[in-house]
Structures are given as structure tokens and as C-alpha cells.
Amino acid sequence: MSFTTPDLCDDFPELVRVVDPMFNNFGGNDTFGGEIVTVKCFEDNSLVKENASKPGHGKVMVVDGGGSLRRALLGDLITKDAVKNGWEGFVIYGCIRDVDIIGRLDIGVKALDTVPLKTEKKGIGDLNIAITFGGVTFRPGEYVYADNNGVVVSKEKLLTDD
């Protein structure tokens, strides 16, 4: 997938919503995008783990972790599972861990920061609901595009798969 978010903003100004700058890149792919699958959870990554084990070709998991900096919602094992299942990437409003390994994997990962502590798995969270952070509402079935410049969201698919 070849694009820059500045070009998407220039080419589709009426279609894109720009997420507030707050994310760092951690995955092996700096540029990624796809159809949005949402997870809302707080210091419990049960749904992140469950969905990373399902087919994710052409999809990006957008996780609203409430901005918590206390627990990591993503680690190397879940990320490796997501790569195996074809996910394009993650946008996580929260923290991750195992960044050295994740940085070598063929997947995009944006998160607020890192913390070494894992979550407890209580099975608490919501899947595929509208979530809002960074001044933007992410809706399942819309599209997210991310690169070193930032993150943008569109109701429509902006790029072809070639």
C-alpha cells in the first residue's frame, strides 16, 4: 500500500478526518491502512487477542483503551497472531509492550506509548461499536490510513488494493 496521509488530505479534503497528533509508530510497517474493526476496552485486552486470531485481511483494529498508560493492550504474541491472520495493523489509544519484537514484524502499529505490564484478561469490552478519541469517531466499516505523518479516517475507501 503506497500513500501518504498528507496526499490523502490534499486529494480528498471532503472525505478525511484527521486524528489529533498523539501516536508513535512501533510496527515494522510505518504506512498501513484498511477497513476499521473497533474494540473498546480498558486495561483488558481479551477482545484484542480474540480478534487478532481471526482473519483480518485488509483490516485495521482500532482499539480505544481509554488512553490508559498503566497496562499494555498489545504484545508480541498477539501481534504475531495478527500477522499470521493478515491484519494490516493496529491503532491503539493506549500502550503496548514487546516493542523490539513488534518493530520487526510485517504489520503497522500506532500506540500512545509503551509499558511492560500486561493486562488482566476478564473478557470485558465491546466489539464493533463507534469509538471516539483524538477528535475523531471511528466507525466499524469505515477506513483508517496511517503513516509517519499521522492518522486519517474516511467513510469511503480511498485507495485501490493494487
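Calculation criteria
Residues numbered from 1 in each chain as written. Predicted model: local features only at pLDDT ≥ 70, side-chain atom pairs only at ≥ 80, totals over all residues. Heavy atoms only, no water. Helix = DSSP H or I, 4+ residues; strand = E, 2+ residues; numbered from the N terminus. Rg over C-alpha atoms; globule rule 2.2 N^0.38 Å. Buried < 20%, exposed > 50% of the residue type's maximum accessible area, 1.4 Å probe, protein only. Contact = heavy atoms within 4.5 Å. Polar contact = N/O pair within 3.5 Å; in protein donor to acceptor, adjacent residues only side chain to side chain.

Asks: Before we move on, could you go through the overall build of the chain and cite the residues and values that matter?
Replies: Along the backbone of the chain there are four helices and 12 strands. Relative to its length of 162 residues, the chain is compact, with a C-alpha radius of gyration of 14 Å against a globular reference of 15 Å. Projected onto its principal axes, the C-alpha coordinates of the chain cover approximately 45 × 30 × 25 Å. The proportion of buried residues among the 162 residues of the chain is 49%.

Asks: Explain helix α3 (residues 76-84) to me, using residue names and the numbers behind them.
Replies: Working note: α-helix, 3.6 residues per turn, so residues spaced by three or four point in the same direction. Within α3, burial applies to Asp-76, Ile-78, Thr-79, Asp-81 and Ala-82. The elements touched by buried residues of α3 are α2 (46-52), β5 (72-74), β6 (89-96) and α4 (99-102). Positive phi appears at Gly-86, one or two residues downstream of α3, with a value of about 85°.

Asks: Any chance you could break down the side chain of Thr-38 for me, citing the residues and the numbers?
Replies: Here Thr-38 shows up in strand β3 (residues 32-40). Of the residues examined, Thr-38 reaches a relative accessible area of 0% and is grouped as buried. From its side chain, Thr-38 meets the backbone oxygen of Ile-129 in a polar contact 2.7 Å long. Excluding residues that lie within four positions of it along the chain, Thr-38 makes contacts with Val-62, Asp-126, Leu-127, Asn-128, Ile-129, Ile-131, Phe-138, Arg-139 and Pro-140.

That's the geometry; what it means functionally is another story.
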